[in-house]
Amino acid sequence: MQNIDKIIDKWNADSDYVIEMMQDIQDEFKHIPRKALEQVTKKTKVPLARLYHIATFYKSFSLKPRGKFEIQVCTGTACHVKGAALILDAFERELNIQTGETTKDKLFSLEGVRCLGCCSLAPVITIGEDLYGEVKTADIPKLIAKYKGGEK
Amino acid sequence: MNIEQLKKIQTETLSKLDKYKAALMICAGTGCVSAGSFTLKDLLEKEIKKRNMENDILVVPTGCNGFCAQGPIMVIQPEGIFYQKVKPEDIPEIIDNLLEGKYVERLLYKDLKTKQAIPKMDDIRFFGKQQLIALRNKGIINPENIEDAIARGAYQALAKVLKTNKEDIIKEIIKSGIRGRGGGGFPTGVKWESALKAAEKKNEEPYVICNADEGDPGAFMDRSIVEADPHTVIEGMAIGALAVGAKEGFVYIRNEYPLALKRLEIAIKQAHEKGLLGKNILDSDFCFDIHIHRGAGAFVCGESSALMASMSGRAGEPRAKYVHNVEVGYRGKPTVLNNVETWANIPVIIDKGAKWFASIGSGDVSENPWNGSSGTKVFSLVGNIVNSGLVEVPMGITLREIIYDIGGGIPNGRKFKAIQTGGPSGGCIPADQLDLPVDFDSLTEAGSMMGSGGMIVMDDKTCMVDVAKYFISFLKDESCGKCTPCREGLISLFEILNRITKGEGKEGDIELMKEIAETMEVASLCALGQTAAYPVLSTIRYFRDEYEAHIKDKKCPAGVCKPLITYSVNDNCTGCTICARNCPVDAISGKVKEKHFINTDKCIKCNVCYEVCKFKAITVE
């Protein structure tokens, strides 16, 4: 709760900056807990319904917790023509989840994102903070193993 | 700080830089950073320290060089030697050779035709045809050091116009002919003029905003400009603010661009410290401040009224624009919204003059900015192209020059099929129109548009129906859902395209899609919906036979649409077993050194066998 207050105060509880507050909350908790939204409502006087509207409208927010490693497969145009859909399929197959879901062990979540702006390296993915370019479908099992290995 | 002090920083920094014998410019754009350029920078500094040469060789992390596919990139100045794909183990050799005045041959770029190594950056064809205005400082300055920018002339244009009256600044911008680089192509000066008039009439303080919400997939011009030279954006905004009488400015930047955001924050802070932002800028009466708003992942927020809604802490839904933003914009005040690249051009226009700027590009804009496209445009040249990267070229250059002279053509011996410009609302231009000059009006005539500058090259392995489906699926997800024609139209289009790519297309589908498209164009609220069907219309216009192959013959000629294709092994197979070992569903069988076989009942068409096969033995039909 203290962290939430700190975030809200950082933006002076200014209602113009609720999106920024929610971004910080998302970074902190890996999702937007209801508790946090209630606190934002209390301090900024922005109605809870509007905060939910924002939380479900923008792609960077998630109401459910995401995994420790967020896998983002870029599905921008350059990546698409270079086979991004096949990469996404490969992750779904290897992790046994659908896009948008999190693995049972809470280690990986899988998302398709709209252009990471590294189009010259297409197809591009990010796992956590690491960016990988010119990815091949055949590389996916190795990549997943790398992060699973680091966890142990 | 006053103008004399600004000039003093410039001369002092220049003479400080002059003392070094060489400067190693390491590209630290997002692409090269992911390829390890920060590690390289640290190791270089260590090596130079080890040799006690800190006063002779300078290491500078720069913004995006543009030739991202070759990263990490290092350019040695003053000679301009270009090294590509540099690895940590190359460092000692690079420095040894530098001291002897020689090159490391294997790190040089090789010409595609002659296979000869080209030591100097300017001699490489990718760079040769470019003309840099917005990207003039890319790879030359450290974007996190304001003194570097000042040494290259930053804030001199602002100093030049501090005493000029508002109308004269605006006149200069109109005369330059510059049109908005974000996609709309509206004359920038005319926009400023309307905002100034509205502000004076209503006696209100206007705002200036920089749109850095680069949502077009396949485009990264704005990210690169901010990462390479954030001060040119700040200076451009300050000049705009001065011209319309604004005291506050905002940058709305995409959350997906953490490095650009960080560099912008640093640049704003440094500009404050130097008195180039804040109160009484350069000892004048002019006060101006810039705040940052982060986007949260919504494509529609690139639209002006949605962007302003998002900046007010609401969902990014556009409004009907009977009243323009220049009159009633952010917080109800007159607002000038320009894109990153437009702002980045402003200081150069002021510095070198409108006449100079207008002489570049196509058409004659001296009487009216609508009569042509002046200046340069930055494009991100990506997709199935050899030299993929960021290029800045004069307006009016042909697509052929961009694709073949700069881009080096299509890789893997494949054929050019189409080039997609203008983002999701743009269109695909076929091979017989490659001599089209690239400017605002010619591209629109061809059924596409300039957009913000993404250029995605597609080879003959690209299915145009799939591309149309891709864009419609993108826009379907990104439509804010407020107005019915856009929301429902996109869903209908997607359903039809989805059927066609599954082999369930019907006679009359093409006509139905055209009808939906027409309705969306006239009835949608904002530009997103009005132009959303363009990818469908342009692919029907130029690639109708491909639609018909899907609908009538139930075939995907490019071999992309999964339900319509099968994988098989051809006679090139040497029996190396690599495909069988990599197949995730064990659908491939065969003995060593004998032709393999794919069980089509088991095959999930994941393309892994095609990728790993070294003998082109997998056929996709």
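Basis of the calculations
Residues numbered from 1 in each chain as written. Chains lettered and ligands numbered in written order. Predicted model: local features only at pLDDT ≥ 70, side-chain atom pairs only at ≥ 80, totals over all residues. Heavy atoms only, no water. Helix = DSSP H or I, 4+ residues; strand = E, 2+ residues; numbered from the N terminus. Buried < 20%, exposed > 50% of the residue type's maximum accessible area, 1.4 Å probe, protein only. Lys, Arg positive; Asp, Glu negative; His and termini not counted. Salt bridge = Lys/Arg side-chain N within 4 Å of Asp/Glu carboxyl O. Contact = heavy atoms within 4.5 Å. Pairing = 2+ DSSP bridges. Axes fitted to C-alpha atoms, helices over the stretch in contact; angles between N-to-C directions. Domains from an automatic or database assignment. Parallel < 35°, antiparallel > 145°, perpendicular 65-115°, else oblique. Left-handed = near helix turned anticlockwise from the far one by under 90°. Nonpolar A, V, L, I, M, F, W, Y, C, P; charged D, E, K, R; others polar. Buried area = accessible area lost by both parts, 1.4 Å probe. Polar contact = N/O pair within 3.5 Å; in protein donor to acceptor, adjacent residues only side chain to side chain. Phe/Tyr/Trp six-rings, centres within 6.5 Å; stacked < 30°, edge-to-face > 60°. Lys NZ or Arg CZ within 6 Å of the ring centre and 35° of its normal. Disulfide = S-S within 2.5 Å.

Caption draft 1: Expanded view of the side chain of B:Asp222. Residue and element names in this part refer to chain B. Its place among the elements puts Asp222 in helix 10 (residues 221-228). One buried charge, Asp222, has no salt-bridge partner; the nearest side chain with opposite charge is Lys377, at 6.2 Å. In contact with Asp222, other than residues within four places in its own chain, are Asn211, Glu214, Asn339, Val340 and Glu341.

Caption draft 2: Quick peek at the sheet that holds strand 14 (residues 389-394) of chain B. All names here are of chain B. Spatially, the five strands line up as an open sheet ordered 14-13-17-15-16, and their pairing is mixed. Of all the strands in the sheet, just strand 14 and strand 16 (427-430) have a single pairing partner and so form its edges. Along the sheet, successive strands turn relative to each other by an average axial angle of 30°, direction set aside. Here four bridges tie strand 13 (residues 376-383) to strand 17 (residues 454-459), and the two strands are oriented parallel to one another. In the strand pairing of strand 17, Leu381 is matched with Met455.

Caption draft 3: Structural context of the domain arrangement of chain A. Its domain assignment divides chain A into domain 1 (2-57) and domain 2 (69-151). Placing a centre on the C-alpha atoms of domain 1 of chain A and another on those of domain 2 of chain A gives a separation of 29 Å.

Caption draft 4: View of the packing of helix 18 (residues 464-478) of chain B against helix 19 (residues 484-501) of chain B. All names here are of chain B. Between helix 18 and helix 19, the shortest axis-to-axis distance is 9 Å and the interhelical angle comes to 150°. With respect to each other, helix 18 and helix 19 are oriented roughly antiparallel. Considering only the axes of helix 18 and helix 19, their crossing is left-handed. On helix 19, the residues touching Val465, Asp466, Ala468, Lys469, Ile472, Ser473, Leu475 and Lys476 of helix 18 are Leu490, Ile491, Leu493, Phe494, Leu497, Asn498, Ile500 and Thr501. Partitioning the contact of helix 18 with helix 19 into residue classes produces ten nonpolar, three polar and three charged.

Caption draft 5: Looking closely at the domain arrangement of chain B. Residue and element names in this part refer to chain B. Partitioning chain B into structural domains gives domain 1 (13-128), domain 2 (154-369), domain 3 (375-459), domain 4 (464-551) and domain 5 (566-620). For domain 2 and domain 3, the distance between their C-alpha centres works out to 26 Å. Facing 20 residues of domain 2, the contacting portion of domain 3 comprises 24 residues. Roughly 1700 Å² of surface becomes buried between domain 2 and domain 3 when both sides are summed, with 60% attributable to carbon and sulfur atoms. There are two salt bridges connecting domain 2 and domain 3. Between Glu341 and Lys377 there is a salt bridge whose closest N-O contact spans 2.5 Å. Applying the counting rule to domain 2 against domain 3 returns eight residue pairs in polar contact (both at pLDDT 80 or more).

Caption draft 6: The packing of aromatic side chains, seen in detail. Residues and elements named next belong to chain B. For the coordinates displayed, the defined rule picks out 20 aromatic pairs over all chains. Ring centres 4.1 Å apart and planes at 10° place the aromatic pair Phe67 and Phe126 in the stacked group. Residue Phe67 is located in the loop between strand 2 (57-62) and strand 3 (74-77), and its partner Phe126 is located in helix 5 (residues 125-128); the two are separated by 59 residues in the primary sequence. For the residue pair Phe67 and Phe126, the accessibility class agrees, reading buried in each case. An aromatic cluster is defined as three or more aromatic residues linked by ring pairs; in this entry it consists of Phe67, Phe82, Tyr109, Phe126 and Phe127. Directly above the ring of Tyr257 sits Arg254, whose terminal nitrogen or CZ lies 5.0 Å from the centroid.

Caption draft 7: The arrangement of the pattern of salt bridges in detail. What the rule picks out here adds up to 45 salt bridges over all chains. Linking B:Lys562 and A:Asp89 is a salt bridge whose minimum nitrogen-to-oxygen distance equals 2.8 Å. Placement of the pair is B:Lys562 in the loop between helix 22 (534-551) and strand 18 (567-569) and A:Asp89 in helix 6 (residues 84-95), with the two residues belonging to separate chains. Judged by its relative accessible area of 26%, B:Lys562 is partly exposed.

Caption draft 8: Structural detail: the pairing of strand 17 of chain B. Residue and element names in this part refer to chain B. Most of strand 17 sits out of view: six of its six residues are buried. Of the two faces of strand 17, the one lined by Gly454, Ile456 and Met458 and the one lined by Met455, Val457 and Asp459 are each fully buried. Sheet analysis places strand 15 (residues 416-421) next to strand 17, joined by five bridges and oriented antiparallel. Bridged to Ala418 within strand 17 is Met458.

Caption draft 9: Expanded view of the state of the cysteines. All names here are of chain B. Summed over the entire model, instances satisfying the criterion amount to zero disulfides over all chains. Of the cysteine sulfurs around Cys483, a residue in no disulfide, the closest is that of Cys486, at 5.1 Å. Residue Cys573 stays outside any disulfide, its sulfur separated by 6.0 Å from that of Cys579, the closest cysteine. With relative accessibility at 18%, the residue Cys573 sits in the buried group.

Caption draft 10: The arrangement of the interface of chain B and chain A in detail. Of the residues lining the interface, 62 residues belong to chain B; the matching set on chain A comes to 40 residues. Summed over both partners, the interface of chain B with chain A comes to about 4000 Å²; 52% of that surface belongs to carbon and sulfur atoms. When the area that chain B buries against chain A is broken down by residue, the three leading residues are B:Arg294, B:Ala296 and B:Tyr470, summing to 16%. Summed over the shared surface of chain B and chain A, the result is five salt bridges. A salt bridge links B:Arg331 to A:Asp16; the shortest N-O distance between them is 3.2 Å. Taken together, the links from chain B to chain A amount to 31 residue pairs in polar contact (both at pLDDT 80 or more). If you list the elements that add at least two residues to the side of chain B that touches chain A, you get helix 2 (30-34), strand 9 (289-294), helix 13 (304-311), strand 13, strand 17, helix 18 and helix 24 (608-612) of chain B. Per element, the largest residue contribution to the side of chain B that touches chain A is seven residues, and it comes from helix 18 of chain B. Residue classes in the side of chain B that touches chain A are distributed as 28 nonpolar, 21 polar and 13 charged.

Caption draft 11: Main features of the environment of B:Lys120. All names here are of chain B. Topologically, Lys120 is positioned in the loop between strand 6 (117-118) and helix 5. Residues Lys120 and Tyr109, eleven residues apart in the sequence, show an inter-C-alpha distance of 8.8 Å. Each residue touching Lys120, except ones within four places of it in the same chain, is listed here: Glu79 and Gly80.

Caption draft 12: Spatial organisation of unusual backbone geometry. Along the chain, A:Ala122 connects to A:Pro123 via a cis peptide bond; the corresponding omega equals -5°. Mapped onto the fold, A:Pro123 is located in the loop between strand 2 (108-113) and strand 3 (125-127). B:Pro78 follows B:Gln77 through a cis peptide bond whose omega is 5°. Secondary-structure assignment places B:Pro78 in the loop between strand 3 and strand 4 (81-83). Not every positive phi belongs to a glycine, and A:Cys115 is a case in point at roughly 60°. Mapped onto the secondary structure, A:Cys115 falls in the loop between strand 2 and strand 3.

Caption draft 13: Molecular detail of the sheet that holds strand 4 of chain B. All names here are of chain B. Spatially, 2-1-3-4 is the arrangement adopted by the four strands of the open sheet, whose pairing is mixed. Two strands in the sheet have a free side with no partner beyond their single neighbour: strand 2 and strand 4. Neighbour to neighbour, the strand axes of the sheet diverge by 20° on average, direction disregarded. Relative to strand 2, strand 1 (residues 22-27) runs parallel, the two being bridged by six bridges. Bridging from a neighbouring strand, Ile26 pairs with Pro61 of strand 2. Sitting on the sheet, helix 3 (residues 37-50) touches strand 1, strand 2 and strand 3, and the angle it makes with strand 2 is about 170°.

Caption draft 14: Quick look at the packing of helix 11 (residues 230-244) of chain B against helix 14 (residues 340-352) of chain B. Residues and elements named next belong to chain B. It is at 7 Å that the axes of helix 11 and helix 14 come closest, and there the two elements cross at 75°. By the angle class used here, helix 11 and helix 14 are roughly perpendicular. Here helix 11 contributes Thr232, Val233, Glu235, Gly236, Met237, Ile239 and Gly240 to the contact with helix 14, which in turn contributes Val340, Trp343, Ala344, Ile346, Pro347 and Ile350. For the contact of helix 11 with helix 14, a count of residues per class yields nine nonpolar, three polar and one charged.

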